[in-house]
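Structural characterization, general
Residue-level listing of the chains:
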Amino acid sequence: MRMIDLIEKKREGQSLTEGEINYMIEQYTNDQIPDYQMAAMLMAIYFQDMSNEERVYLTKAMVSSGEEIDLSAIDGIKVDKHSTGGVGDSTTLILAPLVASVGVPVAKMSGRGLGHTGGTLDKLESIPGFNVELDSSTFINLVNKNKVSVIGQSGHLTPADQKLYALRDVTATVNSIPLIASSIMSKKIASGADAIVLDVKTGSGAFMKELEDAKVLAQAMVDIGNGAGRKTIALISDMNQPLGYAVGNALEIKEAIATLKGEGPDDLTELCLALGSQMVYLANQAESIDQAREKLLATIENGEAIGRLKIFIESQGGDPRIVDQPEQLPIATYQIEVKSTKAGYISEIAADQIGVAASMLGAGRTTKDSDVDLAVGVVLRKKVSDYVNEQDTLAVIHSNQTEVATVIEKILHAFQIQDQEVTPKPLIYQTIS
Ligand code: URA
């Protein structure tokens with residue numbers, strides 16, 4: 001087989017066979033196909049697309065390029081959840097103990113990320129003592145015992161995707177549905193879950209700004225998951241404003257604690273219940289989505305969900321007292337209020353801009369190796385459709401530096417305020433299965 005023939009085939013819009021895709025991915029991972037030929041192939045895929053079958057073959061080939069996590073020693077159906085990334089998204093921190101408290105095993109591998117705030121691992125590390133570097137037998141034992149454990153993602157998963165992603169980044173081929181969908185799904189499948197619930201975000205703070213694009217990506221990922229033998233469903237959720245109020249690592253942990261106690265923001269609570277119900281249903285722990293939701297609500301109300309968070313924290317070396325004393329979490333030195341310069345109804349809070357503001361304070365990473373300030377971030381006081389008077393507080397900056405003029409400016413720019421009343425957008429647009 002010759003790579004040049006495969007490039008030509010794809011350039012002409014023909015489908016590649018499973019054998020051809022396996023050859024291409026294997027040889028490329030082993031440095032037997034040069035970057036310039038793979039770059040040409042990526043561009044051909046970008047323009048000619050791939051059939052559903054080709055997407056499944058590509059995903060499976062990327063899974064086989066590296067380590068595949070074996071979760072078979074964990075009892076029950078393992079359901080993973082993946083979000084395509086948003087601002088203020090602490091759903092994993094809430095969902096892991098929440099669904100575990102109704103008997104769904106959560107064996108989650110998470111990343112640190114290069115986003116506006118740290119990833120789930122950074123957020124968990126703002127809990128004093130919390131250890132995310134467990135060996136695999138400890139990880140599996142904890143899930144069997146407590147139904148929940150979250151650790152760092154193995155660096156050996158999907159090396160083909162790591163190499164391809166870096167090449168896509170410099171060849172203007174990131175933004176391709178078959179390439180994005182296979183990239184995300186290969187990592188989920190290699191992580192070993194039996195079923196997958198996807199939260200595909202749309203809006204100003206999301207990778208997919210337009211609803212129609214989010215639907216296409218969601219369907220592509222669902223088709224790949226199901227085609228690869230993992231039951232997969234996706235919710236499309238709104239990211240036209242940050243989720244919840246808090247954007248920052250320890251600040252989001254605090255909000256997650258409140259949500260598990262039934263005192264969290266409405267949108268964050270609702271999204272967790274919607275995603276969690278799908279997870280519980282896919283894990284066969286409920287006969288319907290409605291019954292799954294009832295079960296989750298009951299564990300929040302009777303304290304089992306927050307109790308499970310304490311067990312989860314303690315089992316990974318963290319200090320469970322932060323659950324009742326969140327003031328033990330890292331706290332920034334300065335809290336600075338951002339005041340509205342006009343009166344009216346809030347029509348938009350550009351989530352990406354709030355994310356950038358949090359990142360400017362040090363909440364996120366600018367390079368792979370840079371440090372994250374766990375204490376800092378932004379806490380909104382208002383959400384879309386709220387009415388504000390001039391000088392009302394829109395948000396509070398949590399900072400370890402006094403010079404925050406540009407951060408204030410960024411936050412004020414993110415808020416759009418108008419005279420007419422505003423109808424908020426739906427939180428969940430669609431379920432795709
Ligand atoms: N996230 C991924 O993991 N891969 C992509 O291609 C895009 C976003």
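Residues numbered from 1 in each chain as written. Predicted model: local features only at pLDDT ≥ 70, side-chain atom pairs only at ≥ 80, totals over all residues. Heavy atoms only, no water.

A look at the sheet that holds strand β5 (residues 231-238)
An order of β1-β4-β5-β13 is seen for the four strands of this open sheet, with the pairing classed as mixed. Of all the strands in the sheet, the pair left with one neighbour each is β1 (79-83) and β13 (428-432). Taken over all neighbouring pairs, the strand axes of this sheet differ in orientation by 15 degrees on average, direction set aside. As judged from the eight bridges shared by strand β4 (residues 195-202) and β5, these two strands associate in the parallel manner. Residue leucine 198 lies in a different strand from β5, and its bridge partner there is alanine 234. (Pairing = 2+ DSSP bridges. Helix = DSSP H or I, 4+ residues; strand = E, 2+ residues; numbered from the N terminus. Axes fitted to C-alpha atoms, helices over the stretch in contact; angles between N-to-C directions.)

Observations regarding the UniProt feature "domain: Pyrimidine nucleoside phosphorylase C-terminal" (unreviewed entry) in the chain
The UniProt entry lists residues 345-418 under the feature "domain: Pyrimidine nucleoside phosphorylase C-terminal" (unreviewed entry), expressed in the numbering used here. The annotated region residues 345-418 carries 27% helix and 30% strand content, and the separation between its end C-alpha atoms amounts to 5 Å. (UniProt positions renumbered as here; feature names shortened; annotations may be inferred.)

Quick look at the pairing of strand β2 (residues 106-110)
Burial analysis of β2 places five of its five residues in the buried class, the great majority of the element. Burial of β2 is two-sided: the residues Val106, Lys108 and Ser110 facing one way and the residues Ala107 and Met109 facing the other way are all buried. Examined bridge by bridge, β2 and strand β3 (residues 148-152) share five bridges and lie parallel to one another. Counted as the bridge partner of alanine 107 is serine 149 from β3. (Buried < 20%, exposed > 50% of the residue type's maximum accessible area, 1.4 Å probe, protein only.)

Digging into the pattern of salt bridges
Counted under the stated rule, the structure contains 20 salt bridges. Among the ionic pairs, lysine 187 bridges to aspartate 161, the shortest N-O distance being 2.9 Å. A residue pair is termed long-range when its members are at least 10 positions apart, and lysine 187 in helix α9 (residues 177-190) and aspartate 161 in helix α8 (residues 159-169) qualify at 26 residues. Of the residues examined, lysine 187 reaches a relative accessible area of 22% and is grouped as partly exposed. The salt bridge involving arginine 321 is made with aspartate 319; its shortest N-O contact spans 2.9 Å. Salt bridges linked by common partners bring Asp80, Lys108 and Lys188 together as one network. (Salt bridge = Lys/Arg side-chain N within 4 Å of Asp/Glu carboxyl O.)

What to know about the domain arrangement of the chain
If you check the domain split of the chain, you get domain 1 (3-48), domain 2 (79-323) and domain 3 (331-418). On a C-alpha basis, the centres of domain 2 and domain 3 stand 24 Å from each other. A buried area of about 2,000 Å², summed over both sides, lies between domain 2 and domain 3, and 58% of it is on carbon and sulfur atoms. As a salt-bridge pair, arginine 365 and aspartate 122 come within 2.7 Å of each other at their nearest N and O atoms. (Domains from an automatic or database assignment. Buried area = accessible area lost by both parts, 1.4 Å probe.)

Some details on a nonpolar patch on the surface
Together, Met43, Tyr46 and Phe47 make up an exposed nonpolar region whose accessible area comes to about 310 Å². Mapped onto the secondary structure, phenylalanine 47 falls in helix α3 (residues 35-48). (Patch = residues over 30% accessible without salt bridge, like charges linked within 9 Å, V, L, I, M, F, W, Y side chains within 5 Å. Areas by Shrake-Rupley, 256 points an atom, 1.4 Å probe, with all protein chains shown as cover.)

Some details on the packing of aromatic side chains
Within a pair of aromatic rings, the relevant descriptors are the distance that separates the centres and the angle that separates the planes. Enumeration according to the criterion identifies three aromatic pairs in this entry. Between tyrosine 46 and phenylalanine 47, the aromatic rings sit 5.2 Å apart at their centres with planes inclined by 75 degrees, giving edge-to-face as the arrangement. A relative accessible area of 35% places tyrosine 46 in the partly exposed class. Considering the side-chain rings of tyrosine 345 and tyrosine 387, the 5.0 Å spacing of their centres and the 70 degrees angle between planes classify their relative orientation as edge-to-face. Within this pair, whereas tyrosine 345 is found in strand β8 (residues 344-349), its partner tyrosine 387 is found in strand β10 (residues 387-388), the two being separated by 42 residues in sequence. Here tyrosine 387 falls in the partly exposed class, since its relative accessible area comes to 42%. Across from the ring centre of tyrosine 245, 5.5 Å away, lies the NZ or CZ of lysine 383, which sits over that ring. (Phe/Tyr/Trp six-rings, centres within 6.5 Å; stacked < 30°, edge-to-face > 60°. Lys NZ or Arg CZ within 6 Å of the ring centre and 35° of its normal.)

Some thoughts on the nonpolar core
Counting residues in each nonpolar core, the largest one holds 81 residues, and the members touching the most others are Ile354, Val378 and Ile411. Looking at which element gives the most residues to this core, the answer is helix α12 (residues 266-282), with nine residues. Each of two domains, domain 2 (79-323) and domain 3 (331-418), supplies a minimum of three residues to this core. Residues Ile140, Ala220, Ala234 and Ile236 belong to the second largest nonpolar core, which totals 35 residues. (Core = buried A, V, L, I, M, F, W, Y, C linked by side-chain atoms within 4.5 Å.)

Side note on the site of the ligand
The immediate surroundings of the ligand are formed by Tyr165, Arg168, Ile180, Ser183, Ile184, Lys187 and Phe207. One nitrogen or oxygen atom from the side chain of arginine 168 is found 2.9 Å from an oxygen atom belonging to the ligand. Here a nitrogen atom of the ligand and a side-chain polar atom of serine 183 are 2.6 Å apart. Coverage of the ligand by the protein chains reaches 83% of its 230 Å² of free accessible surface. Elements represented by at least two residues in the shell around the ligand include exactly α8 and α9. A per-element tally of the shell around the ligand places α9 first, with four residues. Residues that form the shell around the ligand fall into these classes: four nonpolar, one polar and two charged. (Near = heavy atom within 4 Å. Polar contact = N/O pair within 3.5 Å; in protein donor to acceptor, adjacent residues only side chain to side chain. Nonpolar A, V, L, I, M, F, W, Y, C, P; charged D, E, K, R; others polar.)

A short note on the sheet that holds strand β11 (residues 393-399)
Reading across from one edge, β6-β9-β11-β7 is the order of the four strands in this open sheet, with antiparallel pairing throughout. Every interior strand has two partners, whereas the edge strands, β6 (246-247) and β7 (334-339), have only one. Pairing analysis gives four bridges linking strand β9 (residues 377-380) to β11, with the strands arranged antiparallel. Counterpart to glycine 377 in the pairing with β11 is histidine 398. Seen against the sheet, helix α15 (residues 351-360) touches β6 and β9 and runs at an angle of roughly 140 degrees to β9. (Contact = heavy atoms within 4.5 Å.)

Here we look at unusual backbone geometry
Positioned with a positive phi, lysine 147 is a non-glycine residue whose angle comes to about 75 degrees. Inspection of the secondary structure puts lysine 147 in the loop between α7 (136-146) and β3. Since its relative accessible area comes to 23%, lysine 147 is described here as partly exposed. One non-glycine residue with positive phi stands out, namely glutamine 391, at about 80 degrees. By the element assignment, glutamine 391 lies in the loop between β10 and β11.

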